[in-house]
Amino acid sequence: MIDALRMPVGLLAAAGVLAMASISEPVAAQAGIDFVRVTDEMLQQPAPGDWLMWRRTLDSWGYSPLDQVNRDNVDELRMVWTRDLERGTSEITPLAYSGILWVPQNEDVIQALDARTGDFLWEYSRDIPEDLYGLVGGNARNNRNLAIYDRLIINTSDDNHVFALDALTGEQVWETRIFDYRVNSATHSSGPIIADGRVISGRSCRPWGGPEACVIAAHDARTGEELWRRRLIPAPGEPGDETWGGVPYEDRQHVGSWMVPSYDPELGLLYIGTSVTSPAPKFFLGGQGNAHLYHNSTLALEVETGQIRWYYQHLNDDWDLDHPFERLLVDTRVAPDPDEVLWINPRLEPGEERRVVTGIPGKTGLVYTLDRETGEFLWATPTTLQNVIADIDGATGEVTVNPEVIFSRPEQEIFVCPTYAGGKDWEAGAYSPLTHTMYYPLRNTCATLLATRDVRSARALELAAGGGIEIYSLVSRHQLAPNTDNLGTVRAISVETGVTTWLYEQRAGTVSLVATGGGLVFGGDSNGRFRAFDDRTGEILWEINLGSPVVGYPITYAVDGRQYVAVNTGSGATNLTPDLRPSRGSSLFVFALPD
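Residues numbered from 1 in each chain as written. Predicted model: local features only at pLDDT ≥ 70, side-chain atom pairs only at ≥ 80, totals over all residues. Heavy atoms only, no water.

Student: Account for the overall build of the protein, naming residues and giving values.
Tutor: Within the protein one finds 5 helices and 41 strands. With respect to the principal axes defined by its C-alpha atoms, the protein has extents near 65 × 60 × 50 Å. In the protein, which comprises 595 residues, the share counted as buried stands at 66%. Of all intrachain contacts in the protein linking residues separated by at least 6 positions in sequence, the fraction that spans at least 24 positions is 61%. Here the protein has roughly 20,400 Å² of accessible surface; of this, 46% comes from carbon and sulfur atoms. For the protein, the centre of its 47 positive side-chain charges and the centre of its 80 negative side-chain charges are spaced 3 Å apart. (Helix = DSSP H or I, 4+ residues; strand = E, 2+ residues; numbered from the N terminus. Buried < 20%, exposed > 50% of the residue type's maximum accessible area, 1.4 Å probe, protein only. Contact = heavy atoms within 4.5 Å. Areas by Shrake-Rupley, 256 points an atom, 1.4 Å probe, with all protein chains shown as cover. Lys, Arg positive; Asp, Glu negative; His and termini not counted. Charge placed at Lys NZ, Arg CZ, Asp CG, Glu CD.)

Student: Which residues make up the state of the cysteines, and what values go with them?
Tutor: Enumeration according to the criterion identifies 2 disulfides in this entry. Residue pairing for C417: its cysteine sulfur links by disulfide to C446, the two sulfurs lying 2.0 Å apart. Between C417 and C446, the S-S dihedral sits near 105 degrees, and the bridge is therefore right-handed. Here C417 is found in the loop between β28 (413–416) and β29 (430–432), whereas its partner C446 is found in strand β31 (residues 445–451), with 29 residues between them in sequence. Take C417: its relative accessible area is 4%, and that puts it in the buried class. C446 gets classed as buried once you look at its relative accessible area, which sits at 0%. Sequence-ordered numbering of the disulfide-bonded cysteines in the protein gives the connectivity 1-2, 3-4. (Disulfide = S-S within 2.5 Å.)

Student: Describe the nonpolar core, naming the residues involved and giving the relevant values.
Tutor: If you look at the biggest cluster of nonpolar residues, it comprises 70 residues, and the most contacted ones within it are W102, I148, I154 and L270. Per-element tally for this core: the top contributor is strand β9 (residues 161–166), with 4 residues. Each residue touching L270, except ones within four places of it in the same chain, is listed here: I193, A195, I200, W228, S262, Y263, L299, A300, L301 and V303. Formed by 35 residues, the second largest nonpolar core is a distinct cluster that contains L321, W343, I392 and V399. (Core = buried A, V, L, I, M, F, W, Y, C linked by side-chain atoms within 4.5 Å.)

Student: An account of the pairing of strand β35 (residues 510–516) is needed here, citing residue identities and associated values.
Tutor: A large share of β35 lies buried, amounting to 7 of its 7 residues. Here strand β1 (residues 63–64) pairs with β35 via 2 bridges, running parallel. Each bridged residue has a counterpart across the sheet, and for Y63 the counterpart in β35 is A515. Both β35 and strand β36 (residues 520–525) contribute to a ladder of 4 bridges, which runs antiparallel. (Pairing = 2+ DSSP bridges.)

Student: Summarise the pattern of salt bridges; cite the residues concerned and give the values.
Tutor: Inspection of every chain in the model, using the stated rule, returns 37 salt bridges. Residue E175 pairs with R126 through a salt bridge whose shortest N-O separation is 2.9 Å. With E175 in strand β10 (residues 172–177) and R126 in the loop between β6 (120–125) and α4 (132–136), this pair connects stretches of sequence that are 49 residues apart. Here R126 falls in the buried class, since its relative accessible area comes to 9%. For the salt bridge of D166 with R151, the shortest nitrogen-to-oxygen distance reads 2.9 Å. Residue D166 is located in strand β9, and its partner R151 is located in the loop between β7 (147–149) and β8 (152–156); the two are separated by 15 residues in the primary sequence. Assessed through its relative accessible area of 0%, D166 is described here as buried. (Salt bridge = Lys/Arg side-chain N within 4 Å of Asp/Glu carboxyl O.)

Student: Can you tell me about the pairing of strand β33 (residues 488–494), naming the residues and giving the values?
Tutor: The element β33 is extensively covered by neighbouring structure, given that 7 of its 7 residues are classed as buried. By the alternation rule, side chains of β33 split into G488, V490, A492 and S494 and T489, R491 and I493, which are all buried. Relative to β33, strand β30 (residues 437–443) runs antiparallel, the two sharing 7 bridges. By the bridge assignment, T437 is partnered in β33 with S494. Here 6 bridges tie β33 to strand β34 (residues 500–506), and the two strands are oriented antiparallel to one another. Bridging across to β34, R491 finds its partner in L503. Counting the residues that bridge the hairpin from β33 to β34 gives 5 residues, and of these G498 lies at a positive phi of roughly 80 degrees.

Student: Quick one: what's the story with the side chain of N142, residue by residue and with numbers?
Tutor: With respect to the element layout, N142 can be found in the loop between α4 and β7. N142 has contacts with S90, E91, N106, D158, H188 and S189, leaving out every residue within four places of it along the chain.

Fair warning: the whole summary comes from geometry, so function is off the table for now.
Written out as structure tokens, the structure reads:
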């Protein structure tokens, strides 16, 4: 193992090469695996049967061209193997390549499994310091995704390192510390992507870690050498400093980037979203008239330097309505339908071709479509009940927040839709180039919120028996949105026009989706159901009860000409429907057509 903490930076690259060379090459042959090292070209154009990153491709589509399982035969799908996961494992994405699944699990456990049979190949289990989760928060236990490059499985650790394992043995090859978690506390609930040989990772920064913990970082994928880091909170004298209204630098906190970025190799731009500040109500933090950059924004970063090419701020957030979710990169005609799309740029020529970044990036549930070269606002529209955004200026993209829901004083209560559970949350949508449609799992939620520094006060406990969230200075009582008994929806939205082509609603909350070349959209729910929808109509073509909430990101892959579909169950799904009582087992399930 190479300890990057003790090595001079100049020696790091050479040490990484030596470590790679020292790994026994016959391991692949002994395991019967023909392993071809993964390149940037393979990541940018993956083979149909591979799943090499979080949403399979750098544009975050969550789409596989595999079509062996399709509308006509999906009702024949059967479970071919299952395996228990570490206790508490929930929001994960396996990688699939060369007949192997690499499965991230709770508290920095990674397992390699035979993708055909589920047989165990190796396990990596990181030593966890006893004081870790008390400092970085329990969300750090989560491990949404891994990255693969060359012959390395690359991840970010709960204790604020980035590290690489040999893909065939699980042995550690290199490790680099990003932070001392006791000084700059941050969590890594999502792993990295690889963009042109760079490991790109964001993080959720704890308030007591200060502004220096709120960064996106790039490391050399072969050696672990740090290449750049981009702070998400401006320091005095930097562009955006004035937007914090004189708040001392050390009190600017918690603008995180806790989901996975997208990447456009042609433009050399990374696209990543950011979260709310701490505290959330801005009267606690320098005043409502300040933008507090770069919270709740889409950032386009230059991959070589980390410099911000452009940004778009989605709203000034009092309610923990984060905007860190997946950004879909699509080349498309842009022709928003004024009968269904609420805010449209008046300069648009309907039907013009644009490179766009689109999707539902935040908890408000709004679709935003921006030009991904310039950040120009093109159109936006709601998908769930919301009372936060009153207007968007189509010509400038400037957002006007509903003044009736803006906090202005301590101990004030407001009613807001959606809640900080979304709308949209960490559960990922998908895009299919076959239908030119994006598919999103959404929630119908509202809440009474209390702005208070004392989240355990008598009033706070009366409002919500468990108290509130201290880092946000918020207490909430969640409920279903008025006039519905259904928490979960799946909405199909045209990327070109913004028109909803179908809508599915149900009592249980819906979870992440994947679209396929077989005309299917796979997804699960918080009541244990995993199902396949017809991507054109929303008709349910196949369904199985897995017992526990289906909280993982589904994937589909192929080995030896056979297509598999995989997803995991676990805990952690939002539950505003207590009449539904699923179990809480963490397991991986893999399905295929009969052999």
